[in-house]
Amino acid sequence: MLARFLIYIAYLLKNAARYQRCKRFFYDLLENPKSKLKSRFDIFMIVLVIASVSSLVYEVEHDEGVWSLYLENVVVSVFIAEYLLRMWIYSDSHQLIIDYYEHCEYLSIRFRIMTALKKVIAKKLAYMVTPFAIIDLLAILPSYRPLRILRVFLIFRLFKILRYSQSLKMFADIIKSKRFELQTLLIFLGFLVFIASIAIYLFENRSEGGTVDDLYDALYWSVVTISTVGYGDITPLTTGGRAVTMVLILTSLGILAFFTSIIVSAFNDQINGLRISRTFAELENHSGLIIICGFGRVGQQLAALLVADRQKVVIFDISEQRVEEAKQEGYLSLVANATQNDMLEKAGIKQNVSTIIGATGNDVINVYITLTCRHLNKDVQIISRANRHENVAKLYQAGADTVIEPFIVSGLLAAEYIGQPVAFEAIIGILHGQKNIVLEAVKVKAGSLLEKKSISEVDFHKQRLSLVGVISQNAKHLKRKNRYVIKQQHFYFNPPMDFKLQADDILVLLGRATSISHFRDQIEQSHLLG
Amino acid sequence: MIRYAVFGFNPMSVEAINRLDCNCVIVVDQAPECLKQAEENGLATAPIDFRSDEDLKSIGIGKDIKTLFCFFPDDSDNVFLTLSARAIDPELHIVSIVDDPDAENKLLAAGANKVINPYQICGRKIYEWIKKPDITNIVDHTVFGRQDLHIAEVEIPEKSPLEGMLISELQLSTRYNLVLIGVVDKEINDELHFAVGERDHRLDADDILVILGPSRAIRLFRKDVTHVGKN
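Summary of the structure given here. (Residues numbered from 1 in each chain as written. Chains lettered and ligands numbered in written order. Predicted model: local features only at pLDDT ≥ 70, side-chain atom pairs only at ≥ 80, totals over all residues. Heavy atoms only, no water.)

Turning to the overall build of chain B, a few remarks are in order. Counting its secondary structure elements, chain B contains 9 helices and 10 strands. Counting the 231 residues in chain B, one finds 55% classified as buried. Partitioning the intrachain contacts of chain B with sequence separation of at least 6 by distance along the chain shows that 57% fall at a separation of at least 24. Total accessible area on chain B is roughly 10,700 Å²; 47% of this is exposed by carbon and sulfur atoms. (Helix = DSSP H or I, 4+ residues; strand = E, 2+ residues; numbered from the N terminus. Buried < 20%, exposed > 50% of the residue type's maximum accessible area, 1.4 Å probe, protein only. Contact = heavy atoms within 4.5 Å. Areas by Shrake-Rupley, 256 points an atom, 1.4 Å probe, with all protein chains shown as cover.)

Below, the structure is given as structure tokens:
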């Protein structure tokens, strides 16, 4: 009966949307490293810890005030709530029960309520013995009156800060990665301390004419000496004692050097990974990201243009030297192979990447990048460079939206230049935005003042614009002349006065940038009003 | 008659030659296999050494050839060729590609009229595709593509009927099916003046109109501009 009730409750919780939402919220608040809520909560907790410890320090010499009592109560209740919530979200108890129940059903064995509860409790206990949970507990316990003696543990509240600070956590992780070396060192150090203490005790005890009273003194002396601190309150007087000291000092220098080198090398090993994860963390906050694969000359050129245009750019290159160059230029960049799924996924190809550019000088790699990216995200825009003409079709097949051939384009431009240098420079200047005149596309929005108007009704001349043509997919225009078919679209060059604009047509306008943005604003406004 | 000399046979020169679309091109390359390839494509070739002035003159530089393309992969070769050709013919049009961006100034100093940096162009092109996909798509397929829509420059000769006209009176779009992009007034500077909305400009001889349109309309307009000097 009780068992059935338990199972019923478990299923109820599993299907209760509000319960799940609630749990989700607390997960975001406490654990989810990506949520903004957590970062705010962390700051709040750090402030709380510092406040409580400050009040503790204040009480050492002053009387306990009413306010500090209140503060203590608030702090402890927050800590307790936090502790319990963390325990709650650590595991899904109802899921454990359901899993066990289904397991029993499947094997047709009896559902034992004790086993189910044991599983649940085991999981919660597993949480309680994690280092952070222990610190949390120790930060709470001393507030319990009968345990006043544990006051010193209040200092554990400071350790709680570790939980809320990412960089301190990283530091701990780095130290952890050198566990083996540090263990070796520690064993050796213990050994040395042991030998030195015994030796100094034998040589320097009172009966020998020294100043060491007991083994504790000896231990104290050897630790002070090994650490190269050497207070000098206990100094060896006998010849034997001095000999031991000299050997100990030389050995301890070596140990210190060893210790330092372990820490430094740990940082060195990890710093690259840290940097990469930092870069990725930075990327997460952006949308509309552009990934440039390959920081060769094309990549450099492109990155400079995009950055000048305030676009967010990430550079992937497999050569460390090039990535270093990119970093010096101030770009976000990674030594990464853009054909690796995990790198692209970490960079957010599924969420916040808008465009990927294969700009390497190797077509094989460009095809592979294109294929990988298209596989990971169906909608992302992929532009690739093709160095050989025969690879263009392959790139399109791999999923590229646009393929650019640097050598073909250059040859074409060289020929285009001949005979009409002025016109050439003019159009290139306009396209590159080097002149104050620009060629821009403006969309006719449904319900805006342009829709269903004929060209003669829109006074482009008054707007100081000149209409070059209209891009449209609308079948209504098909009978017009001056039609150019471009991929799936039609471009109507120099449309006549009675050309009626339809929604979603795109006007190609020539004019000063200010006129165009003014015109665009007008359309936007009329679109909003209509 | 040979009018264009293309030095260096590679995808770039193939595209340029296709675009020039005439049988007046001669291809020069140091590598015999490249020359053979060019011949297979039906192009006139000359097995000469570009380092020798005599050889350059022998194919017509300084005489018939009006335009020289330097498509060698090495910047040093292109600079040397530009320098030699410029010395032979000060009027020659020289277009060169550049590999290292630093060499651009050297080429200009050597006398090239136009230096093309393929990597820069590629970078720009990708940027344009990101920034203005619609415009780039149109321009690439029409002006730089195979469709019949071109940019052209038309210089106004002395006594042309257009002399003394205001830009606003031209009405190119209705009369000729052309779009006027701008005017360069050589008397002021080489800058392009935008056609619409600016201060109205009175055309005079030596002004250059930059227009966009189908080739038939351009031809027609060009004829009208030059033709009526006689009446």
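Our next topic: the overall build of chain A. A tally of regular secondary structure across chain A gives 20 helices and 11 strands. Residues classed as buried in chain A amount to 44% of the 530 residues present. Sequence-distant contacts, at least 24 apart, represent 63% of the contacts inside chain A between residues at least 6 apart.

It is worth spelling out the pairing of strand β9 (residues 483–486) of chain A at this point. Residue and element names in this part refer to chain A. Only one face of β9 is buried: it carries Tyr484 and Ile486, and the other face, with Arg483 and Val485, is open. The pairing of β9 with strand β10 (residues 489–493) spans 4 bridges and is classified as antiparallel. Looking across to β10, one finds that Ile486 is bridged to Gln489. Connecting β9 to the next strand, β10, in antiparallel fashion are 2 residues, including Lys487 with a positive phi near 50 degrees. (Pairing = 2+ DSSP bridges.)

This part is about the side chain of Asn352 of chain A. Of note, Asn352 of chain A is situated in the loop between α15 (341–346) and β4 (353–358). What Asn352 of chain A contacts, discounting residues up to four positions off in sequence, is Leu283, Glu284, His286, Ser287, Gly288, Leu289 and Ala347 of chain A.

Facing 68 residues of chain A, the contacting portion of chain B comprises 64 residues. Both faces combined, the contact of chain A with chain B buries some 6,500 Å², and carbon together with sulfur accounts for 71% of it. Area buried by chain A at its contact with chain B is led by Arg297, Ile418 and Tyr484 of chain A, which between them contribute 10% of it. Viewed at the interface, chain B and chain A are joined by 3 salt bridges. With its nearest N and O atoms 3.1 Å apart, the salt bridge here joins Lys131 of chain B to Asp309 of chain A. It is helix α18 (residues 406–417) of chain A that provides the largest number of residues to the side of chain A that touches chain B, a total of 12 residues. (Buried area = accessible area lost by both parts, 1.4 Å probe. Salt bridge = Lys/Arg side-chain N within 4 Å of Asp/Glu carboxyl O.)

Residue and element names in this part refer to chain A. The tally for this structure, following the rule as stated, stands at 21 aromatic pairs over all chains. Ring geometry for Tyr11 and Tyr101: centres 6.4 Å apart, planes at 85 degrees, overall edge-to-face. With Tyr11 in helix α1 (residues 2–15) and Tyr101 in helix α5 (residues 93–107), this residue pair connects regions lying 90 residues apart in the sequence. A relative accessible area of 28% means that Tyr11 is categorised as partly exposed. (Phe/Tyr/Trp six-rings, centres within 6.5 Å; stacked < 30°, edge-to-face > 60°.)

Pairing between the strands of a sheet is mediated by backbone hydrogen bonds and can be parallel or antiparallel. Pairing is antiparallel across the open sheet formed by 5 strands, whose spatial order is β7-β11-β8-β10-β9 (chain A). Across the chains shown, the open sheet's two edge strands, defined by having one partner strand only, are β7 (437–443) and β9 of chain A. The sheet shows a mean angle of 25 degrees between the axes of neighbouring strands, taken without regard to direction. Along the sheet face, helix α7 (residues 133–141) of chain B touches β7, β8 (465–472), β9, β10 and β11 (506–512) of chain A and points at about 115 degrees away from the line of β7 of chain A. (Axes fitted to C-alpha atoms, helices over the stretch in contact; angles between N-to-C directions.)

Right, let's get into the pattern of salt bridges. Scanning the entire structure with this criterion turns up 19 salt bridges over all chains. In this structure, the salt-bridge partner of Asp317 of chain A is Arg322 of chain A, at a minimum N-O distance of 3.8 Å. Given a relative accessible area of 6%, Asp317 of chain A falls into the buried group. Exposure remark for Arg322 of chain A: the relative accessible area of 37% places this residue in the partly exposed category. For Asp49 of chain B, the salt bridge goes to Arg51 of chain B, with nearest N and O atoms at 3.1 Å.

Residues and elements named next belong to chain A. Look at helix α2 (residues 17–30) against helix α4 (residues 66–90): their axes get within 10 Å of each other, and the N-to-C directions meet at 120 degrees. Between α2 and α4 lies a crossing whose hand is left-handed. Facing Tyr19, Cys22, Lys23, Phe26, Tyr27 and Leu30 of α2, the residues of α4 in contact are Glu82, Leu85, Arg86, Trp88 and Ile89. Considered class by class, the residues forming the contact of α2 with α4 number 8 nonpolar, no polar and 3 charged. (Left-handed = near helix turned anticlockwise from the far one by under 90°. Nonpolar A, V, L, I, M, F, W, Y, C, P; charged D, E, K, R; others polar.)

Side chains of a nonpolar character, in soluble globular proteins, are inclined to be buried together. All names here are of chain A. Judged by nonpolar contacts, the single largest core of 82 residues is most densely connected at Ile292 and Phe491. With 8 residues, the top contributor of residues to this core is helix α19 (residues 421–431). Core analysis: the next-biggest nonpolar cluster, separate from the first, contains 27 residues, Met343, Cys373, Leu376 and Ile382 among them. (Core = buried A, V, L, I, M, F, W, Y, C linked by side-chain atoms within 4.5 Å.)

Right, let's talk about the sheet that holds strand β10 (residues 208–213) of chain B for a bit. Residues and elements named next belong to chain B. Read across the open sheet, the 4 strands follow the order β7-β10-β8-β9; overall the sheet is antiparallel. Here the strands that pair on one side only, and so sit at the sheet edges, are β7 (150–155) and β9 (192–194). Between one strand and the next, the sheet's axes are offset by a mean angle of 30 degrees, whatever the strand orientation. Examined bridge by bridge, strand β8 (residues 179–184) and β9 share 3 bridges and lie antiparallel to one another. When the sheet's bridge partners are listed, Val184 is paired in β9 with Leu192. Of the strands in this sheet, β7 and β10 touch helix α9 (residues 215–227), which is tilted by about 5 degrees from β7.

Another aspect to go through is the side chain of Thr402 of chain A. Tracing the backbone through its elements, the reader meets Thr402 of chain A in strand β6 (residues 402–404). Leave out the neighbours within four places in its chain, and Thr402 of chain A touches Ile382, Ile383, Ser384 and Tyr396 of chain A together with Trp129 of chain B.

Residues and elements named next belong to chain A. Residues Met114, Leu117, Ile121, Leu125, Met128, Val129 and Ile134 make up a contiguous nonpolar surface patch of roughly 630 Å² in combined accessible area. Among the elements that take part in the nonpolar patch, helix α6 (residues 113–128) stands out by supplying 5 residues, more than any other. Along the chain, Val129 turns up in the loop between α6 and α7 (131–140). (Patch = residues over 30% accessible without salt bridge, like charges linked within 9 Å, V, L, I, M, F, W, Y side chains within 5 Å.)

Before going further, it helps to examine helix α10 (residues 179–204) of chain A. Helix length check: α10 of chain A (26 residues) gives 36 Å between terminal C-alpha atoms against 38 Å at 1.5 Å per residue, within 8%. Looking at α10 of chain A, one finds that the buried residues are Leu182, Leu185, Leu192, Val193, Ala196, Ser197, Ala199, Ile200 and Glu204 of chain A. (Expected span 1.5 Å × (residues − 1).)

Between α18 of chain A and helix α1 (residues 11–20) of chain B, the least distance of the axes is 7 Å, while the angle of their chain directions is 40 degrees. Our classification of the angle between α18 of chain A and α1 of chain B gives oblique. Handedness of the α18 of chain A/α1 of chain B crossing: right-handed. Mapping the contact onto sequence places Phe407, Ile408, Ser410, Gly411, Leu412, Ala415 and Glu416 of chain A in α18 of chain A and Pro11, Met12, Glu15, Ala16, Arg19 and Leu20 of chain B in α1 of chain B. Classifying every residue of the contact of α18 of chain A with α1 of chain B gives 8 nonpolar, 2 polar and 3 charged. (Parallel < 35°, antiparallel > 145°, perpendicular 65-115°, else oblique.)

In this section: helix α4 (residues 75–88) of chain B. An α-helical turn contains 3.6 residues, so any two residues separated by three or four positions project in the same direction. All names here are of chain B. In a regular helix each residue adds 1.5 Å, so 14 residues correspond to 20 Å; α4 covers 20 Å between its end C-alpha atoms and thus fits that length. Of all the residues in α4, the buried ones are Asp75, Asn78, Leu81, Thr82, Ser84, Ala85, Arg86 and Ile88. Buried residues in α4 make contact with β1 (4–7), α3 (53–58), β4 (67–70), β5 (93–97) and α5 (103–110).

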